[in-house]
Amino acid sequence: MQSSKLTQTLSFGLNIDTGSADDLQTGCIESRRIRNETNRLDRQGWDWKELKSIVVDNANHVKNTSQLIVDKALGEIKTYHDNKDDGWGRPYPYINGMYPMVMNHKEGYRLFLEDDDTVRFRISAAPRNHVKGELRGSPDHFDRVRTALENDDWRVGTAEVVYKHDEWRLHVTVTHKNHRVTSKNDADTIIGVDVNEDCIALAAMNRDGSVMDSVVIEYPEIKEQRHEFFTKRKRMQKAGQTAFESVVQTEERDYIHDCLHKVSRRVVEWVSQFNDPVIVFEDLKDMRDSIDYGTRMNRRLHSLPFAALRDMVSYKAAWNSIPSDDVDPEYTSQRCPCTECQHTSRSNRSKKRFKCRQCGFQDHADRKAAVCVVQKWLKKQDGNVPSLETLPRVWKVRWAASGRGGATDSHGPVLGSGVYRHGMSAQDSQSRVREELKSVASAVLD
Ligand SMILES: [Zn+2]
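Since this is a predicted model, take the numbers as computed values, not measurements.

(A) Examining the coordination of the zinc ion more closely. Here the zinc ion is held by the protein donor atoms Cys 336 (SG), Cys 341 (SG), Cys 356 (SG) and Cys 359 (SG), which lie 2.3 Å from it. Seen from the zinc ion, its four donor atoms lie at angles of 105 to 112°, and the figure they make is tetrahedral. Between consecutive donor residues of the zinc ion, the sequence gaps follow C-x4-C-x14-C-x2-C. Here Cys 341 is found in the loop between strand 12 (324-327) and strand 13 (349-350), whereas its partner Cys 359 is found in the loop between strand 14 (353-355) and strand 15 (362-364), with 18 residues between them in sequence.

Here it is in structure tokens:
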């Protein structure tokens, strides 16, 4: 069975205090020149070894950085050659946009753990031109980069400087030296995931297209709390109480962080019961860069849990050797999953209910979206989608937070009304929840 090392990419904003954003831009323009030169010489039929040595010698970057940029450009050409029979296009010989600076830790860039709350960076935008400052990012990514810097089992690897969403960012890879993750190609069970503001839907399917089980974990509390925090902060802004605002921000950030951790643990527990699973998400890569808490929170109020929850689930899954993958999210919520129908229309969906306007198929809208995610993955992997058998009953499980910092909440778990209490043992709670949720489940389908 194939496997690969446990590697994560962490994304940070840059608060620059020495040097400037212009230096980073100059560095990325030089990257682009290196990339374009590599493509030009490749087209002229140069031997790659020779090509690399001449391009690196003429580049205005730390030598190791130039080598990595050439490797990245050659990698793109290699991918094209490997896939050209499937209709992949050749990389453009000349690009106008930015090209990332790719750097090795302790060569082209370096991270320093200053204290519990501060990680500083030094980036060589050119030889002897250092840009320095502090990293900025989600608490989760901070936890991981801190672990990687402190712990011998981890290695801080290459990083890329990129310009995205109107700002300069650093994407850092960290790798666990021994831990390995199973290859997704060997998966027997495909778990489709549909993340929403108020719930996460999971559908477990095997390779012949039948749905083995599914669950919708609801967390209306998180949505409500976020709206509450949002209103609270807006009120403070209006009243000019800016000092209190940051307190609320921290409180909110910790609360959300804590909730998402608990929900993601539940998800991975559920996934772990299946044989060789792979977890498949909708590709929301661009959203990953927008998980900055704090001031940007307002604008991102609705998008935040998608990226953060997804990130935490795949991280915890990787620790259980379970791989994750992505598919293109287009139409997963609108398309009919019946293989012979596949009617795609916005009007098929009405809130939590899916009803195909063409063939009349009905289902819980989010569970159906999770099924469509698996179908897309099967299509990507095997080239076709096996026909959909009868869907099992939808299990709805309500997740309730137990108050901040793990303390038991005053209103506590309400099992009688189908609330999933996260403090219970998995087996115990699962059977009880099933019993209690039957009525809820049939109500959904009828
Ligand atoms: Zn249909």
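(B) Looking closely at a nonpolar patch on the surface. Side chains of Ile 29, Met 98 and Tyr 163 sit close together on the surface and give an oily, nonpolar patch of about 250 Å² of accessible area. Within the element layout of this structure, Ile 29 appears in helix 1 (residues 21-43).

(C) Geometry of the pairing of strand 10 (residues 211-218). Most of strand 10 sits out of view: seven of its eight residues are buried. Here strand 9 (residues 199-206) runs beside strand 10; their pairing, made up of seven bridges, is antiparallel. In the sheet register, Ile 200 faces strand 10, and the bridge partner there is Ile 217. In this structure, the hairpin formed by strand 9 and strand 10 is closed by a connection of four residues, where Gly 209 is found at a positive phi of approximately 85°. Summarising the sheet, strand 10 and strand 16 (residues 395-400) pair through four bridges and their orientation is parallel. Bridge pairing links Glu 218 to Arg 398 in strand 16.

(D) Broad picture of the packing of aromatic side chains. In this structure the tally under the stated criterion is six aromatic pairs. Relative to Phe 142, the ring of Phe 12 lies with its centre 5.5 Å away and its plane at 65°, an arrangement referred to as edge-to-face. Taken together, the residues span a long stretch of sequence, with Phe 12 in strand 1 (residues 3-18) and Phe 142 in helix 4 (residues 139-150) at a distance of 130 residues. Each of the two residues, Phe 12 as well as Phe 142, counts as buried. Above the plane of the ring of Tyr 315 lies Arg 144, whose end atom (NZ or CZ) is 3.9 Å from the centre. The ring of Phe 354 is capped by Lys 368, whose NZ or CZ atom sits 4.5 Å from the centre of that ring.

Conventions used here
- Residues numbered from 1 in each chain as written.
- Predicted model: local features only at pLDDT ≥ 70, side-chain atom pairs only at ≥ 80, totals over all residues.
- Heavy atoms only, no water.
- Donors = N, O, S within 2.8 Å, 3.2 Å for Na, K, Ca; no water.
- Tetrahedral: all angles 85-135°; square planar, octahedral: opposite > 155°, others 65-115°.
- Helix = DSSP H or I, 4+ residues; strand = E, 2+ residues; numbered from the N terminus.
- Patch = residues over 30% accessible without salt bridge, like charges linked within 9 Å, V, L, I, M, F, W, Y side chains within 5 Å.
- Areas by Shrake-Rupley, 256 points an atom, 1.4 Å probe, with all protein chains shown as cover.
- Salt bridge = Lys/Arg side-chain N within 4 Å of Asp/Glu carboxyl O.
- Buried < 20%, exposed > 50% of the residue type's maximum accessible area, 1.4 Å probe, protein only.
- Pairing = 2+ DSSP bridges.
- Phe/Tyr/Trp six-rings, centres within 6.5 Å; stacked < 30°, edge-to-face > 60°.
- Lys NZ or Arg CZ within 6 Å of the ring centre and 35° of its normal.

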